[in-house]
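# Notes for the structure review
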Amino acid sequence: MSQFDAFRYDGKRVLVVGGATGMGAAAASLAVDAGAEVIVMDRAPVTLEGVQSISLDLAQQASIEAAVDEVDGVVHAVLSCAGVADGTPGIERINFVGHRHLIARAIATGKLGRGGAIGFISSAAGLGWEANLAELRELLALDDFDESAEWMVAHHKADYMNSKQAMCAYVASSAFELLKQGIRINAICPGPTETPLALANEEMWLGFGSDYRDEVGVGVSTPLEQAYPLLFLCSDAAAAISGITLVTDAGYLTSGTTESFPPATPVAQFLTGKLT
Ligand SMILES: NC(=O)c1ccc[n+]([C@@H]2O[C@H](COP(=O)([O-])OP(=O)(O)OC[C@H]3O[C@@H](n4cnc5c(N)ncnc54)[C@H](O)[C@@H]3O)[C@@H](O)[C@H]2O)c1
């Protein structure tokens, strides 16, 4: 045993929700490397060797419940990675309501409990949640699947940015109750990352912040570069961390907020809900 083992996952079971491609697939592969037994849920086929795969459609309550019921025994980490872009029907269910329901079901059935950790992949697009917390509290207070989805549609929140804000608000506001049950919850908020989802919306997703990256001399993130902080947050090495939404964008937004890179300032103000 070394002190550094706290970063590893030996003897742990990791559930990756949305791990067929992109960051979820990178996180699943990294978890295997870190010593974990890995279960991947996705609606797409899972090609990674050495993991158990379970079919899941996050837009359907029955599919979520069946998928969780198929998990045999406990999991120590749930990596909530699946997400879709604007224009996808049911985006409010896939990006937020479904993930939350899956976690509630995993806890209710005793599959996720004391010593467990949850790691979401949110987005820099979700950072304005604090400015909208009062309204989002109405959504967070609902636990019924359909009612929550209907609330999001009725309140014009069935889109990418609002679903990621709901996710960040959920992470921050459930840390207290979850930690009483011994479970930590955190999220990463990635900047542009080269995945099938981003490549399908290349100009908007991967063009974002390219002026900053050109000036500092970095590229868009790789999926593995985002998987590293996600796995860290769910490891025992992050025992002191819960309720945070960690911005993993190579410093773009803070450089905008502090005006050290002024072209990003209006973007940072807009994304954090501070643009007046
Ligand atoms: N790529 C980026 O630049 C970027 C930036 C910020 C945040 N994100 C977020 O990162 C997360 C991972 O996305 P990615 O970029 O790796 O893309 P991706 O498309 O490679 O991965 C998303 C995964 O979610 C799965 N999925 C989609 N709908 C589903 C459903 N209804 N049920 C079950 N699984 C479903 C897909 O099959 C896929 O495996 C998403 O939540 C996305 O919003 C991406």
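So, here's what we can say about the structure. Throughout this description, residue numbers start from 1 for each chain and increase along the sequence as written. Per-residue local features of the predicted model are confined to residues with pLDDT of at least 70, and side-chain atom pairs are confined, for both listing and counting, to 80 or more; whole-chain, interface and lining totals are unaffected and use all residues. The side-chain quantities take in all heavy atoms of the structure and omit both hydrogens and water.

### What to know about the pairing of strand β4 (residues 77-80)
On a regular strand, each side chain points to the face opposite its neighbour's, so the side chains alternate between the two faces of the sheet. We count it as follows: Think of it in three bands: with a 1.4 Å probe and only protein chains considered, a residue is buried below 20% of the maximum accessible area for its type, exposed above 50%, and partly exposed in between. A helix here means a DSSP run of H or I that spans at least four residues, while a strand means a run of E at least two residues long, and both kinds are numbered starting from the N terminus. If DSSP finds at least two bridges between two strands, the strands pair. Orienting the strands away from the viewer, one traces the path from the first strand over the helix to the second; a clockwise path indicates a right-handed crossover.
In β4, alternate side chains face the same way, and those of A77 and L79 on one face and V78 and S80 on the other are all buried. Bridging between strand β1 (residues 13-17) and β4 involves four bridges; their strand directions are parallel. Its bridge partner being in β4, V16 is matched across the sheet by L79. Strand direction decides the pairing type here: β4 and strand β5 (residues 117-121), joined by four bridges, are parallel. By the bridge assignment for β5, V78 is matched with I118. Between β4 and its parallel partner β5, the chain crosses via helix α3 (residues 91-108), and the hand of that crossover is right-handed.

### Some remarks on the site of the ligand
Defined as follows: Distances are taken per atom, and a residue is near a molecule or strand as soon as one of its heavy atoms is within 4 Å of it. Here a polar contact means two N or O atoms within 3.5 Å. Within protein one must be a hydrogen donor candidate and the other an acceptor candidate, and residues neighboring in sequence count only if both atoms are side-chain atoms. Surface exposure here means Shrake-Rupley accessible area, sampled with a 1.4 Å probe, where a residue is shielded only by the protein chains that are shown. Any residue that is not Ala, Val, Leu, Ile, Met, Phe, Trp, Tyr, Cys, Pro, Asp, Glu, Lys or Arg is counted as polar, Gly included; the first ten are nonpolar and the last four charged.
Around the ligand lies a shell of 30 residues, among which T21, D42, Y160, K164 and T195 are the nearest. At 2.7 Å from an oxygen atom of the ligand is found a side-chain nitrogen or oxygen belonging to T21. About the coverage of the ligand: the protein hides 95% of its 830 Å² of free accessible area. Of all the elements, helix α7 (residues 196-200) adds the most residues to the shell around the ligand, at three residues. Here the residues of the shell around the ligand are counted per class, giving 17 nonpolar, nine polar and four charged.

### A closer look at the pattern of salt bridges
Note the threshold: What counts as a salt bridge is simple: a side-chain nitrogen of Lys or Arg found within 4 Å of a carboxyl oxygen of Asp or Glu.
Under the criterion given, the structure shown has eight salt bridges. With a closest N to O distance of 2.8 Å, K12 and D236 form a salt bridge. Here D236 lies in the loop between α10 (223-233) and β7 (245-248) and K12 lies in the segment before β1, a separation of 224 residues in the sequence. On the basis of relative accessibility, which here comes to 13%, the residue K12 falls in the buried class.

### Focus: a negative patch on the surface
Selection criterion: The patches reported here contain residues having more than 30% relative accessible area and no salt bridge. Joining distances are 9 Å for like charges and 5 Å for nonpolar side chains (Val, Leu, Ile, Met, Phe, Trp, Tyr). Neither His nor the chain termini are counted; the positive set is Lys and Arg, and the negative set is Asp and Glu. Here the site of a charge means atom NZ of a Lys, CZ of an Arg, CG of an Asp or CD of a Glu.
A cluster of acidic side chains, namely D143, D144, D146, E147 and E150, defines a negative patch on the protein surface. Take D144: it is sitting in the loop between α4 (133-140) and α5 (145-154). Taking the relative accessible area as the measure of exposure, D144 reaches 34% and is therefore partly exposed.

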